[in-house]
Every structure is written in structure tokens, then in C-alpha cells.
Amino acid sequence: MVQKRAPTGAALFFDKKIISITEKKEMYNYIVIEGCIGAGKTTLAQMLAHDMNAELVLERFADNPFLPKFYKDPLHYAFPVEMTFLTDRYQQLKQLLSQRDMFKDLVIGDYFIDKCSIFSKNNLPPDEYNLFLTVYNIISSYLPKPDLLVYLYNNAEQLLKNIANRGRSYEQDITADYLNDIQDHYLTYLRQHPSIPMLIVDTRNLDFVKNPDDYTRIKALLSEEYPTGITTISF
């Protein structure tokens, strides 16, 4: 039995909708797994794409030369890091549209283009954010929106543990305050842009990597139809 309730903290303002999990069928062509830094979105996207024979689209953060510099000196490197992410994500998603695998109807990604707006609003001063937003609005208008977005909600303490465990050196100075700010911006953005079905899945009591039952529960969510806007889910 799945119990649905809003996560504590920043997500409490979301309207709750009760959705039953019944028939298992694929009804989406483009699913995005999102979440704060350390939420496990890439790992889950890889697991789902493998099991569902889907085309996998992963964020190429390692190709951004400004990212390590940003974590050391965010004041000077925030704008180039955000612009680099924006242009790379645009190129990747544009290529996806023109070179789809005919034998794979489903696409699963670990980011959506709107995260450019979310991170830039948190990281940039107002004048640079306004400039960035002008470019972002032009670029994003040419890219597809997912049919379903799944946001993995977790608290900052667990996110920091996950970040430490994966061992990227440039991430080790990330603070709980920064993660909370990013997550607040995510949740506020999702609430203010209810253009597609969006699930906020409370993963605080889940370990979908080590516990197959937890993974199965999340995978089963992708077989249900949801209304436009936010549906909050916890187990």
C-alpha cells in the first residue's frame, strides 16, 4: 500500500493528490528524474533506462571546466558555469530530437532544461541573472518538455552523506545551507510552473540502490497516469 503525503519542510505547501497504483503500462515517451545535488537522480535514471529499454540522457557535468572553480570561488565563476551548462544541455537535447533511436520509444534523462533557471536564480546576482534568463528563455523554447518529471526529495543531511560517498573532490565543500537553498528553489519553481505532471517522491525512508523493493516501488510509479501539476508521494 502506498501512502501519499507531502514531505516535511519546504514541500509542505504542495497540494496532495491521492493516486492509486494499479495497471502497469508505459504511457510516457520522455521521463525526467530530477532532484537536488546528491539525490541519486543519475543512478535511478540509469537503473530505469536499463530495465525499461529506454534511451538514456545524462547530464555532462564533467565536461564543464568551470564547475570545480565555481565551488571554490562562486562569486567569479557562477556566470560562466551556468552559461556552459545551458549551452551544453541545449546541444545535447537538440541532438536527441534529431537522432532518436527508432527501436527505443522511451527516453529517460537525469535533468530537465528548466534546472538552468533554478540554479542560476540561486547562484547569480540580479543583473547577471536577468541577462542569463534572456538567453535561457530563447534557448529553452526550442526544446521538449518531459511528459513526466519525478523529483527525488531528501533532506540536506542525507544529501551530504551521498555527496561524500561518491567522492567528487570539488563537491566536498558544499554546505547544508546551499543544498537547502537549491531545494527550496526547485520546489518553488515546480509549484509555480504546473505545465506537466510532476511527482515529488519522498525518498528519506528509501534506498532504491540497495533495496530492490524500494526500487520497484519507484519504478511502479511510472506506470500510472497523473494530472498536470504536482503529486506528492511517500511510502
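This structure is a prediction, so every number in the text was calculated from the model and none was measured.

Thresholds applied
Residues numbered from 1 in each chain as written. Predicted model: local features only at pLDDT ≥ 70, side-chain atom pairs only at ≥ 80, totals over all residues. Heavy atoms only, no water. Helix = DSSP H or I, 4+ residues; strand = E, 2+ residues; numbered from the N terminus. Buried < 20%, exposed > 50% of the residue type's maximum accessible area, 1.4 Å probe, protein only. Contact = heavy atoms within 4.5 Å. Salt bridge = Lys/Arg side-chain N within 4 Å of Asp/Glu carboxyl O. Phe/Tyr/Trp six-rings, centres within 6.5 Å; stacked < 30°, edge-to-face > 60°. Lys NZ or Arg CZ within 6 Å of the ring centre and 35° of its normal. Pairing = 2+ DSSP bridges. Axes fitted to C-alpha atoms, helices over the stretch in contact; angles between N-to-C directions.

1. Concerning the environment of Phe 132
Here comes step 1: In this structure, Phe 132 sits in helix H5 (residues 126–140).
Here comes step 2: On the basis of relative accessibility, which here comes to 0%, the residue Phe 132 falls in the buried class.
Here comes step 3: The spacing of Phe 132 and Phe 79 is 53 residues in sequence and 8.0 Å in space, taken between C-alpha atoms.
Here comes step 4: Here Phe 132 is in contact with Phe 79, Glu 82, Met 83, Leu 86, Cys 116, Ser 117, Ser 120 and Leu 124, once residues within four sequence places are set aside.

2. Side note on helix H8 (residues 212–221)
Here comes step 1: Regarding H8, the residues found buried are Asp 214, Tyr 215, Ile 218, Ala 220 and Leu 221.
Here comes step 2: Turning to H8, the residues buried within the fold contact helix H1 (41–51), strand E5 (197–202) and strand E6 (229–233).

3. Comments concerning the pattern of salt bridges
Here comes step 1: Counted by the stated rule, this structure contains 10 salt bridges.
Here comes step 2: The closest approach of N and O atoms between Asp 88 and Arg 60, which form a salt bridge, is 2.9 Å. Taken together, the residues span a long stretch of sequence, with Asp 88 in helix H3 (residues 74–98) and Arg 60 in the loop between strand E2 (55–57) and helix H2 (67–72) at a distance of 28 residues.
Here comes step 3: Taking relative accessible area as the criterion, Asp 88 reaches 18% and is therefore assigned buried.
Here comes step 4: Residue Arg 60 is classed as partly exposed on the basis of its relative accessible area, which comes to 29%.
Here comes step 5: Taken together, the salt bridges that share partners define one network made up of Glu 34, Glu 59, Arg 89 and Lys 115.

4. So, the environment of Tyr 136
Here comes step 1: Along the chain, Tyr 136 falls in helix H5.
Here comes step 2: In this structure, the C-alpha to C-alpha distance between Tyr 136 and Ser 117, residues 19 residues apart in sequence, is 7.3 Å.
Here comes step 3: Setting aside anything within four residues of it in sequence, one finds Tyr 136 in contact with Leu 86, Ile 113, Asp 114, Cys 116, Ser 117 and Tyr 189.

5. What to know about the packing of aromatic side chains
Here comes step 1: On inspection of all chains with the given rule, the structure shows 5 aromatic pairs.
Here comes step 2: Between Phe 66 and Tyr 77, the aromatic rings sit 6.5 Å apart at their centres with planes inclined by 35 degrees, giving tilted as the arrangement. With Phe 66 in the loop between E2 and H2 and Tyr 77 in helix H3, the pair connects residues that are 11 residues apart, well separated along the chain.
Here comes step 3: What makes Phe 66 partly exposed here is its relative accessible area of 27%.
Here comes step 4: Geometrically, the ring pair formed by Tyr 151 and Tyr 186 is tilted, given 5.2 Å between the ring centres and 55 degrees between the ring planes. Placement of the pair is Tyr 151 in strand E4 (residues 148–153) and Tyr 186 in helix H7 (residues 176–192), with a sequence separation of 35 residues. Side by side, Tyr 151 and Tyr 186 carry an identical accessibility label, which is buried.
Here comes step 5: Each residue in the set Phe 70, Tyr 71 and Tyr 170 is aromatic and connected to the rest through ring pairs, giving one cluster.
Here comes step 6: Here the guanidinium or amino end of Arg 89 rests over the ring plane of Tyr 111, the centre of that ring lying 5.8 Å away.

6. Observations regarding the sheet that holds E2
One key point about sheets: their strands pair by backbone hydrogen bonds, in either a parallel or an antiparallel sense.
Here comes step 1: Taken in spatial order, the 6 strands make up an open sheet running E2-E3-E1-E4-E5-E6, and their pairing is parallel. Whereas interior strands pair on both sides, the edge strands pair on one side only; in this sheet they are E2 and E6. Strand-to-strand twist in this sheet, taken as the mean axis angle between neighbours without regard to direction, amounts to 20 degrees.
Here comes step 2: The pairing of E4 with E5 spans 5 bridges and is classified as parallel. In the sheet register, Tyr 153 faces E5, and the bridge partner there is Asp 202.
Here comes step 3: Contacts from H7 reach strand E1 (30–35), E4, E5 and E6 within the one sheet, and its direction differs from that of E4 by about 150 degrees.

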